[in-house]
Amino acid sequence: MKSKRNRPPPALPPPPPSTASSESDYAFTLTNTAVAQICSSTGFTAAESPALRILTEIATRYLRSIAKSAAESANSANRTESNLTDTTSSVEALCSVTGFPGASEVTGSFLNSGAVTELAKFTEHSEEIPFAKPLPRKIFSIGSEKSGKVLGNVGSNSNSEYIGGERKKHIPKWLPAMPVIAKEEEKGREKGKEIWGFCGKAKEIEIEREQKGEENNDRGERKGIELALNREKVRFKIGSDGGSGGLLGGGVCRRGGIGKRVLCENWSFDDKNHHQNIGTK
Amino acid sequence: MNQSNQGQQTSEGRHEDDAALADFLASLMDYTPTIPDELVEHYLGKSGFQCPDVRLIRLVAVATQKFIADVATDALQHCKARQSAVVKDKRDKQQKDKRLILTMDDLSKSLREYGVNVKHQEYFADSPSAGLDPASREE
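Residues numbered from 1 in each chain as written. Chains lettered and ligands numbered in written order. Predicted model: local features only at pLDDT ≥ 70, side-chain atom pairs only at ≥ 80, totals over all residues. Heavy atoms only, no water.

Peer 1: Kindly report on the overall build of chain B, identifying the contributing residues and their values.
Peer 2: Counting its regular elements, chain B contains 6 helices and 1 strand. Mapped from its N terminus to its C terminus, chain B presents α and β elements in the order α-α-α-α-β-α-α. Within chain B, buried positions represent 39% of all 139 residues. Approximately 8900 Å² of chain B is accessible, and the part contributed by carbon and sulfur atoms is 47%. (Helix = DSSP H or I, 4+ residues; strand = E, 2+ residues; numbered from the N terminus. Buried < 20%, exposed > 50% of the residue type's maximum accessible area, 1.4 Å probe, protein only. Areas by Shrake-Rupley, 256 points an atom, 1.4 Å probe, with all protein chains shown as cover.)

As structure tokens, this is what we get:
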């Protein structure tokens, strides 16, 4: 007879992969709990399960309709992120079914919106009902924590405390964090203008070219770049010298990257310099 | 002169409204809505709502909570009205007063005022002739 101790424990079936339906079921169950809490705070002692399910479904639809309306109003104003105006207008639109004080004033500003005032009164008079069970944060925000936190730093100074970190669900975890570009911006600001572009070399080349003779002065004025009074001396070579790379006969020495198109005479089609000649724009 | 005075008054009024709104948004961070932030963010993300500000997420959560609370309050009123209309012995009434159950009838009545039409099947029958009189069944 085999003793029960020697038997290996029965193999449990592997957990099902998280699919969209299971995620929505999970969210629905959580919303069910929250709605049940709200009903019990109102005064109900029990609820029929189909009635509770219907109320939960309505809660999710209400939430999503506020979000959809706010997103649409933001998109119509050439924005991807909704702000207070969008959210207030969408809340007002949904509260207009039953009405709120000040709904008839079409020209009023969103600052003294009646719907938001009613929400303020609701928060003042009603008791706080925190969610019954603690929620693990990882389940809903699967995105990269690094990217989220770094991106969270880049924002307006006044609202920096409210900007969340782990919100980027579409960013995979293995992706490295975004580089902090504050130092490069400081360099660009020396000239009184933020220079566009990441490449530090290109910026240096632009600065060098700005410090050249009158030809570049005209170009600088057209671009609107402010030139410093004390400029460094720059060396450049003109002539048919095959030593340095990218040198064109009768043209200006250019090291590739960002630059203006210049008509050059006496092209030398060397195999080595072929790529560099064509690469300049 | 008058126009400048009016302009000053409107700017002062705006400052007050701005301050009131800012106070409310700040108070939202102290108030914990019943629907947790993560859950709200999940649904907002599904609908295309993007906002890094947590205060707006809480605003949406509070708006939803208020809506559900209003619906539940109306359903409770309907439930209590129905119970008071039914005249029975005192013992039964006391027992029923304690048990306030959210039913489909009360919910559908309260939701009708909010523009949501909910209709629930009263019963499901096995066959078309179930529940009919035996005389009509024979036919």
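Still to come is the rest of the account.
Peer 1: Tell me about helix H5 (residues 104-112) of chain B, and please be specific about residues and values.
Peer 2: Every buried residue of H5(B) is accounted for by Met104(B), Asp106(B), Leu107(B), Ser108(B), Ser110(B) and Leu111(B). Against the buried residues of H5(B) lie helix H2 (49-76) of chain A together with helix H3 (54-85) and strand S1 (101-102) of chain B. (Contact = heavy atoms within 4.5 Å.)

Peer 1: Quick one: what's the story with the packing of aromatic side chains, residue by residue and with numbers?
Peer 2: Here a ring pair, both rings aromatic, is described through the centre-centre distance and the interplanar angle of the planes. Under the defined criterion, the tally for this structure stands at 2 aromatic pairs over all chains. Look at Tyr62(A) and Phe67(B): their rings are 4.1 Å apart centre to centre, the planes differ by 5 degrees, and that puts the pair in the stacked class. Of this pair, Tyr62(A) sits in helix H2 while Phe67(B) sits in helix H3, which puts the two residues in different chains. The pair Tyr62(A) / Phe67(B) is uniform in exposure class, with both members buried. On the numbers, 5.5 Å between centres and 90 degrees between planes, the contact of Phe67(B) with Tyr114(B) is edge-to-face. Residue Phe67(B) is located in helix H3, and its partner Tyr114(B) is located in the loop between H5 and helix H6 (134-138); the two are separated by 47 residues in the primary sequence. (Phe/Tyr/Trp six-rings, centres within 6.5 Å; stacked < 30°, edge-to-face > 60°.)

Peer 1: Could you give an account of the packing of H2(A) against helix H2 (residues 37-47) of chain B, naming the residues involved and the relevant values?
Peer 2: Interaxial distance between H2(A) and H2(B) falls to 8 Å at its minimum, and their mutual angle equals 50 degrees. Classified by the angle between their axes, H2(A) and H2(B) sit oblique to one another. With respect to the hand of their crossing, H2(A) and H2(B) are arranged in right-handed fashion. Contacts from Thr60(A), Leu63(A), Arg64(A), Ala67(A), Lys68(A) and Ala71(A) in H2(A) reach Val40(B), Tyr43(B), Leu44(B), Lys46(B) and Ser47(B) in H2(B). A class-by-class count of the residues in the contact of H2(A) with H2(B) yields 6 nonpolar, 2 polar and 3 charged. (Axes fitted to C-alpha atoms, helices over the stretch in contact; angles between N-to-C directions. Parallel < 35°, antiparallel > 145°, perpendicular 65-115°, else oblique. Left-handed = near helix turned anticlockwise from the far one by under 90°. Nonpolar A, V, L, I, M, F, W, Y, C, P; charged D, E, K, R; others polar.)

Peer 1: For the interface of chain A and chain B, give the residues involved together with the corresponding values.
Peer 2: Chain A puts 65 residues into the contact, and the matching count from chain B is 62 residues. Carbon and sulfur atoms supply 73% of the area buried between chain A and chain B, which totals about 6100 Å² over both sides. At the surface where chain A touches chain B, the tally comes to 1 salt bridge. Note that Glu118(A) is salt-bridged to Lys66(B), the shortest N-O span being 3.6 Å. The interface formed by chain A and chain B holds 10 residue pairs in polar contact (both at pLDDT 80 or more) in total. Looking at the side of chain A that touches chain B, the elements that each hand over two or more residues are helix H1 (20-42), strand S1 (46-47), H2, helix H3 (84-95) and helix H4 (114-125) of chain A. Partitioning the side of chain A that touches chain B into residue classes produces 37 nonpolar, 17 polar and 11 charged. In this structure, S1(A) lies alongside S1(B), joined through 2 bridges in parallel fashion. If you follow Ala46(A) over to S1(B), its bridge partner there is Ile101(B). (Buried area = accessible area lost by both parts, 1.4 Å probe. Salt bridge = Lys/Arg side-chain N within 4 Å of Asp/Glu carboxyl O. Polar contact = N/O pair within 3.5 Å; in protein donor to acceptor, adjacent residues only side chain to side chain. Pairing = 2+ DSSP bridges.)

Peer 1: Which residues make up the pattern of salt bridges, and what are the values?
Peer 2: Scanning the model with the defined rule gives 7 salt bridges over all chains in all. A salt bridge links Asp37(B) to Arg58(B); its shortest N-O distance comes to 3.1 Å. A residue pair is termed long-range when its members are at least 10 positions apart, and Asp37(B) in helix H2 and Arg58(B) in helix H3 qualify at 21 residues. Considered together, Asp37(B) and Arg58(B) belong to a single accessibility category, that of buried residues. Put simply, Arg82(B) and Asp106(B) hold a salt bridge, and the shortest N to O gap is 2.9 Å. Of this pair, Arg82(B) sits in helix H3 while Asp106(B) sits in helix H5, and the two are 24 residues apart along the sequence. On the accessibility criterion, Arg82(B) (38% relative accessible area) is partly exposed. Since its relative accessible area comes to 0%, Asp106(B) is described here as buried. Connected through shared salt-bridge partners, Glu118(A), Lys66(B) and Asp70(B) make up one network.

Peer 1: Can you lay out H3(A) for me, pointing to particular residues and giving the numbers?
Peer 2: All names here are of chain A. Its 12 residues place the ends of H3 16 Å apart at the C-alpha level, agreeing with the 16 Å of an ideal helix rising 1.5 Å per residue. When H3 is considered as a whole, its buried residues turn out to be Leu84, Asp86, Thr87, Thr88, Ser90, Val91 and Cys95. The backbone nitrogen of threonine 85 lies 3.2 Å from a side-chain oxygen of the residue at the head of H3, namely asparagine 83. (Expected span 1.5 Å × (residues − 1).)

Peer 1: Talk me through the nonpolar core; I want residue IDs and the actual numbers.
Peer 2: Ranked by size, the top nonpolar core spans 63 residues in total, and within it Phe44(A), Leu55(A), Leu44(B) and Leu102(B) carry the most contacts. Counting only elements with at least two residues in this core, the list comes to H1, H2, H3 and H4 of chain A together with helix H1 (2-30), H2, H3 and H5 of chain B. For this core, the element with the highest residue contribution is H3(B), accounting for 15 residues. When near neighbours in sequence (up to four residues on either side) are disregarded, Leu55(A) contacts Val35(A), Cys39(A), Ile68(B), Val71(B), Leu102(B) and Leu107(B). (Core = buried A, V, L, I, M, F, W, Y, C linked by side-chain atoms within 4.5 Å.)

Peer 1: Go over unusual backbone geometry with me, naming the residues and quoting the values.
Peer 2: One non-glycine residue, Asn78(A), adopts positive backbone phi at about 60 degrees. Along the chain, Asn78(A) falls in the loop between H2 and H3.

Peer 1: Residue-level account of the environment of Arg99(B), with values.
Peer 2: Inspection of the secondary structure assignment puts Arg99(B) in the loop between helix H4 (90-98) and S1. A relative accessible area of 54% places Arg99(B) in the exposed class. Once residues lying within four places of it in the same chain are set aside, the contact partners of Arg99(B) are Thr45(A), Ala46(A) and Gln83(B).

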